[in-house]
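Listed here are the chains, written in short residue letters.
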Amino acid sequence: MDSSKEQLLSLGSDYEQNRFRRSYDARESFDLDSDLDATDFLQSDPLTSTKPSTGAFSTQPRNRWLRKPCGCLAGRSTRCIIGCLGIFALVWLALGAGGFFAFKKYKQSPPDGLSPPWYPTPKGGSSRSWADSYRKASEMVAKMTLPEKVNVTTGTGWAMGPAVGNTGPAIHVGFPALALQDGPLGIRFADNATAFPAGVTVGATWNKELMYQWGNAHAIEARKKGINVILGPCIGPLGRMPAGGRNWEGFGADPYLQGIAAAESIKGIQDEGVMATIKHLVANEQEHFRQPWEWGLPNAISSNIDDRTMHELYLWPFGDSVKAGVASVMCSYNMINSSYACGNSKLLNGLLRDEMGFQGFVMSDWLAQRSGVSTALAGLDMTMPGDGEFWQNGKSFWGPELTRSILNGSVPLDRLNDMVTRIVAAWYQLGQDDEAKYDRKGPNFSSWTNDPEGVSAPGSPTEQETVPVNKYINVMGDHASIARQIAAEGTILLKNDGLLPLTRADSHSNETRRRDGPLQIAIFGEDAGPGEGPNRCPDRGCNQGTLASGWGSGSVEFPYLVTPVEALSKSWEDDESVKVSTYLTNKPPFAKQPEILQDAQLCIVFANADSGEGYKAWEGVKGDRPDLFLQKGGDDLIVQVAQGCHGGDGDVLAVIHTVGPVVMEKWIGLPNVKAVLLANLPGQESGNALADVIFGDVNPSGKLPWTIGKTLDDYGDGAKIMYIPNGVVPQQDFKEGLYVDYRHFDKYDIEPRFEFGFGLSYTTFDFSDCVVKELKKKSTFPAPRPKDFAVPPEYDATIPDEEEALFPDGFRKLEKYVYPYLDTIDDIVSDPYPYPDGYDVKQPPSGAGGEEGGNPDLWETYVTVSVNITNTGDRAGKVVPQLYLEYPQGVSAVDFPVKVLRGFDKLLLEKDEAKTVTFNLTRRDLSFWDIDAQNWAMVDGEYKFLVGQSSRDLPASGRW
């Protein structure tokens, strides 16, 4: 076996691999030109038979977030329905053409995994900080009936409750139904709630306090709306691909930055008593092919990652999240080395639970569970939204089938008990048993209607009583001020040739030449204005008006949106020395009205680039962006404005709103483009925050959370979206390993346009006197794994009486609602169940584990690095010192990046003020993942620490 194969993780059992191989082998002779229906070959066999699944493939496309049926299907007309079906068929053929071509061309099975399975699931309850919650949970779970336990672990179905995710209650023991709602920008589908800046904007602040406040404010609103679990923050995708559709939901393209931001926001959320969910585990780096059949292929993409890269890059921020005590982890849609993430025993049992010591519960992304028994055995604890292969069909992989599987012995009772205990323990851990703080009545709003009254389960066709569903409670408080501060501090000044800040008195800087008469200011671009309103498209699924959010499940309803043109115009409305003209289009009539540009002395031009989740498309952007250029002709608009503004002699300020890096080479070097602001995705206070920066009320302090290259090629082959499948199961090999974003630019000595961590200020800072202090002696491996603090709960292992599982007498069922009960127990047969290979082999505990976040020694501070920083400019400003680590060179055969981020801070310095900042470096910060020892290891030799204001501006250094 070659070295690359030795490093590969299968992250899944032979059981899973054989399941896929059998399902494909059965179709080797499938000819797409035949008259046979494809569904004959795509039969699912999930938990319904309580035998190993031979493939759970959906043959039905779906709109994940459809709130109401389309007008045609909502009616009774046969002609209308036939017409809709015809349109559907054409759309399906268009979407599926590439996939079916690939299916015909590539009939191979997915490659087998190369590592052993990891069973059984480690039980929760071993951690010191969770011990009391597990004690309480065990007392409650011991009293639950089998249907109650299944209720706690299974969603009730899509639109079968007020939230996007709803579990059933355990009524007799007092455990409520839980409500789970999308984030992380705010409360999705809710009224009177704040539309916060996106995660990428929070990351761009490099401000730990704001990261905490962002999470905390969100949680306050969620709790007041009756939500138990926030589906955020998001750290996957990491940002391997700069055009990735959902990168904007995370904090940036570096694992350290992502990890710190995730930990701080998790603390902010959970300090308010709301459960946070870190997502998506793991390597969900592009939207194309992320789900079966979403792109006409029967399987999702497989992200193939080696062991070291998995630990040091993609799992790194999840380690910070577990250390912060996160209550829940959401597994992703994609496969990891050809095994679905939500059924991946190595990932969920071995890495997450054993190595990281995760004590909370694992939930599936919505319909990411691809089978029943195997996912339970692999470590999944909660399935969402409860439906199985199809949206809103009431046929769950769990629910009654999990009940059946317990009774016939195919899922061990102790696994179910652990699943339930983890969920209940998280509820206690966050103090949600305190009825004075947490109303057990559930959400006071509906995700499915804006009307005051509706039905409790709108996804069910069963006639129901109308009840109050929306109370319109305003939970925003003073959170607009937090949103505004984050948006302002997340705005990055990329270029400033003396233009900014503007002064309100005469609206020009010291270097802008004075002219006779009012200063003529022209504002250009659709992105400056309101368009048709921020909520024009469902889930923000279009690019119109000013861009303040990407689209998808991470978006929210805007209570309002302050546009840039509104805020800037207001700043000048009482100033007679200024005349403002606005052209809120990307195609102003320059040819017919040349005076538009000729008369303008200061031109402010807006442009943007949008993307989002793959279930929506906008003008050719299907989730992932097709390139890194500005959209809707934005680049050409900036060039036209720059060339024509006051005859090419006017000053130009370019403002960019974007979901990720954009290539600026067409215009960044134009001499009269004097300033460039990158405002990311600023949320509802967009215009106010931008005005704060432009007029100097806030000194810009945002830093790039990713690199801006000169071309897409600069980022390397691994950074390119796979737009065309390379097989029936698309295989995406992460061959670049650790070399993502700035690490790639450093390794290949590529000059970026703007480097990772870059951002200008209206003042200047000096770095000096770097001092390194050793606190603990260097050693190769961490201290031995400590013994568990507590013993996980034990329960009676006797399989419950079958009668317990039957529907209660007189029970009124709602069609398509997922219940835990069975109609009959006559078909329960307890045959020997063929558990996955290796299920009875007890795995040795990892030396990297031992507590939440892993071995406690990994979190001990071994070195401190201090540096003096002085504000040498003429105004106060916030500085972001960044610490990068260079591993010892030439003393090991291990390949290391040129440097990696290992510390940052943010502090305010007045004019001429100096402060000392100290970074604490832990053993984990100084280690790499040793694939032979299967542990974190330090390197012999001299470490170097570099401190400065970006990844390529590092004037202070020290050694250890």
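All values reported here derive from a predicted model rather than from experimental measurement.

Cut-offs used in this document
- Residues numbered from 1 in each chain as written.
- Predicted model: local features only at pLDDT ≥ 70, side-chain atom pairs only at ≥ 80, totals over all residues.
- Heavy atoms only, no water.
- Axes fitted to C-alpha atoms, helices over the stretch in contact; angles between N-to-C directions.
- Helix = DSSP H or I, 4+ residues; strand = E, 2+ residues; numbered from the N terminus.
- Parallel < 35°, antiparallel > 145°, perpendicular 65-115°, else oblique.
- Contact = heavy atoms within 4.5 Å.
- Nonpolar A, V, L, I, M, F, W, Y, C, P; charged D, E, K, R; others polar.
- Disulfide = S-S within 2.5 Å.
- Buried < 20%, exposed > 50% of the residue type's maximum accessible area, 1.4 Å probe, protein only.
- Pairing = 2+ DSSP bridges.
- Expected span 1.5 Å × (residues − 1).
- Polar contact = N/O pair within 3.5 Å; in protein donor to acceptor, adjacent residues only side chain to side chain.
- pLDDT = per-residue confidence, 0-100.
- Left-handed = near helix turned anticlockwise from the far one by under 90°.
- Phe/Tyr/Trp six-rings, centres within 6.5 Å; stacked < 30°, edge-to-face > 60°.
- Lys NZ or Arg CZ within 6 Å of the ring centre and 35° of its normal.
- Core = buried A, V, L, I, M, F, W, Y, C linked by side-chain atoms within 4.5 Å.
- Salt bridge = Lys/Arg side-chain N within 4 Å of Asp/Glu carboxyl O.

1. Some details on the packing of helix α10 (residues 307-314) against helix α11 (residues 316-323)
- The contact between α10 and α11 brings their axes to 4 Å, and the two run at 55 degrees. If you check the angle between α10 and α11, you find them oblique. Where α10 abuts α11, its residues Met 310, His 311, Glu 312, Leu 313 and Tyr 314 lie against Trp 316, Pro 317 and Phe 318.
- Split by residue class, the contact of α10 with α11 holds six nonpolar, one polar and one charged.

2. Overview of the state of the cysteines
- Inspection of the entire model under this criterion finds three disulfides.
- With its sulfur 2.1 Å from that of its partner, Cys 331 forms a disulfide with Cys 342. Torsion about the S-S bond of the Cys 331 and Cys 342 cystine: about 110 degrees, corresponding to right-handed handedness. Of this pair, Cys 331 sits in strand β6 (residues 328-331) while Cys 342 sits in the loop between β8 (339-340) and α12 (345-355), placing them eleven residues apart in sequence. Of the two residues, Cys 331 and Cys 342, both sit in the buried class.
- The disulfide bridge from Cys 537 ends at Cys 542, spanning 2.0 Å between sulfur atoms. The chirality of the disulfide connecting Cys 537 with Cys 542 is right-handed, given an S-S dihedral of about 95 degrees.

3. Some points on the sheet that holds strand β19 (residues 673-678)
- Taken in spatial order, the six strands make up an open sheet running β12-β19-β18-β15-β13-β14, and their pairing is mixed. Edge positions in the sheet fall to β12 (492-496) and β14 (578-583), since each has one partner strand and no second. Looking at each pair of strands side by side, their axes are set apart by 15 degrees on average, direction ignored.
- Looking at chain direction, strand β18 (residues 651-658) and β19 are connected through five bridges and run parallel. Across the sheet, Val 652 pairs through a bridge with Val 673, a residue of β19.

4. Re helix α8 (residues 208-224)
- A rise of 1.5 Å per residue sets the reference length of α8, with its 17 residues, at 24 Å; its end C-alpha atoms lie 25 Å apart and thus fit the reference within 8%.
- All buried positions along α8 are accounted for by Leu 210, Met 211, Trp 214, Gly 215, Asn 216, Ala 217, His 218, Ala 219, Ile 220, Glu 221 and Ala 222.
- Buried positions along α8 lie against α7 (199-205), β3 (229-231), α9 (255-270), α16 (479-489) and β25 (900-904).
- Between the side-chain oxygen at the start of α8 and the backbone nitrogen of Glu 209 there is a gap of 3.0 Å, and the oxygen is on Asn 207.
- Phi turns positive, to about 90 degrees, at Gly 226, one or two residues after α8.

5. What about the confidence of the model for the protein chain?
- Looking at the protein chain as a whole, the pLDDT averages 88, with 87% of positions reaching at least 70.
- The low-confidence segment residues 1-115, where pLDDT is below 50, has 230 contacts with residues more than four positions distant or belonging to other chains.
- Confidence drops under pLDDT 50 across residues 509-514; counting only partners more than four residues distant or on other chains, this segment forms eleven contacts.

6. Observations regarding the side chain of Ser 410
- Inspection of the secondary structure assignment puts Ser 410 in the loop between α14 (400-407) and α15 (413-429).
- Classification of Ser 410 as buried rests on a relative accessible area of 1%.
- Of note is the side chain of Ser 410, whose polar atom sits 2.8 Å from the side chain of Asn 408.

7. Some details on α12
- Most of α12 is tucked away, with eleven of its eleven residues classed as buried.
- Looking at α12, one finds that the buried residues are Ser 345, Lys 346, Leu 347, Leu 348, Asn 349, Gly 350, Leu 351, Leu 352, Arg 353, Asp 354 and Glu 355.

8. Here we look at the packing of α8 against α16
- Contact geometry of α8 with α16 gives a least axis separation of 10 Å together with a crossing angle of 150 degrees. Of the two elements, α8 crosses α16, and the hand of that crossing is left-handed. Contacts from Leu 210, Gln 213, Trp 214, Ala 217, Ile 220 and Glu 221 in α8 reach His 479, Ile 482, Gln 485, Ile 486 and Glu 489 in α16.

9. Re the sheet that holds strand β31 (residues 956-959)
- Taking strand neighbours across the sheet as the criterion, the four strands line up as β25-β24-β30-β31 in an open arrangement whose pairing is antiparallel. Strands with a single pairing partner mark the edges of an open sheet, and in this sheet they are β25 and β31. With direction set aside, neighbouring strand axes in the sheet form an average angle of 25 degrees.

10. Some details on the packing of aromatic side chains
- Evaluation of the coordinates by the stated rule reveals 34 aromatic pairs.
- Relative to Tyr 134, the ring of Trp 130 has its centre 6.2 Å away and its plane inclined at 55 degrees; by these criteria the two rings are tilted. Tyr 134 shares its class with Trp 130; the two are buried.
- Residues Phe 807 and Phe 811 carry aromatic rings whose centres are separated by 5.4 Å and whose planes lie at 50 degrees to one another, so their mutual orientation is tilted.
- Of the residues examined, Phe 811 reaches a relative accessible area of 33% and is grouped as partly exposed.
- For Lys 747, the ring lying beneath its charged end belongs to Tyr 739, and the centroid distance is 4.4 Å.
- Over the ring of Trp 316 we find Arg 902; its NZ or CZ atom is 4.4 Å from the centre of that ring.

11. Focus on the nonpolar core
- Ranked by size, the top nonpolar core spans 166 residues in total, and within it Met 144, Phe 175, Val 282, Trp 366, Leu 926 and Phe 945 carry the most contacts.
- A per-element tally of this core places α15 first, with ten residues.
- Of all hydrophobic cores here, the second largest spans 48 residues; its members include Val 200, Trp 248, Leu 494 and Phe 524.

12. Some remarks on the side chain of Glu 401
- Here Glu 401 lies in helix α14.
- We classify Glu 401 as buried; its relative accessible area is 12%.
- Reaching out from Glu 401, the side chain makes a polar contact with the side chain of Arg 404 at a distance of 3.3 Å.

13. Quick notes on the pairing of strand β15 (residues 602-609)
- Most of β15 sits out of view: eight of its eight residues are buried.
- The side-chain alternation of β15 yields two buried faces, one formed by Leu 602, Ile 604, Phe 606 and Asn 608 and the other by Cys 603, Val 605, Ala 607 and Ala 609.
- Strand direction decides the pairing type here: strand β13 (residues 519-524) and β15, joined by four bridges, are parallel. Bridge pairing links Ile 521 to Leu 602 in β15.

14. Some remarks on the pattern of salt bridges
- Scanning the entire structure with this criterion turns up 48 salt bridges.
- Salt bridges here are not isolated pairs; linked through shared partners, they connect Arg 246, Glu 249, Glu 287, Arg 290, Glu 294 and Glu 613.

15. Observations regarding the environment of Gln 432
- Tracing the chain through its elements places Gln 432 in the loop between α15 and β10 (453-454).
- Take Gln 432: its relative accessible area is 1%, and that puts it in the buried class.
- Distance from Gln 432 to Gly 273, taken between C-alpha atoms, is 6.5 Å for residues 159 residues apart in sequence.
- Gln 432 has contacts with Asn 228, Gly 273, Val 274, Met 275, Trp 427 and Tyr 438, leaving out every residue within four places of it along the chain.
- Of note is the side chain of Gln 432, whose polar atom sits 2.9 Å from the backbone oxygen of Gly 273.

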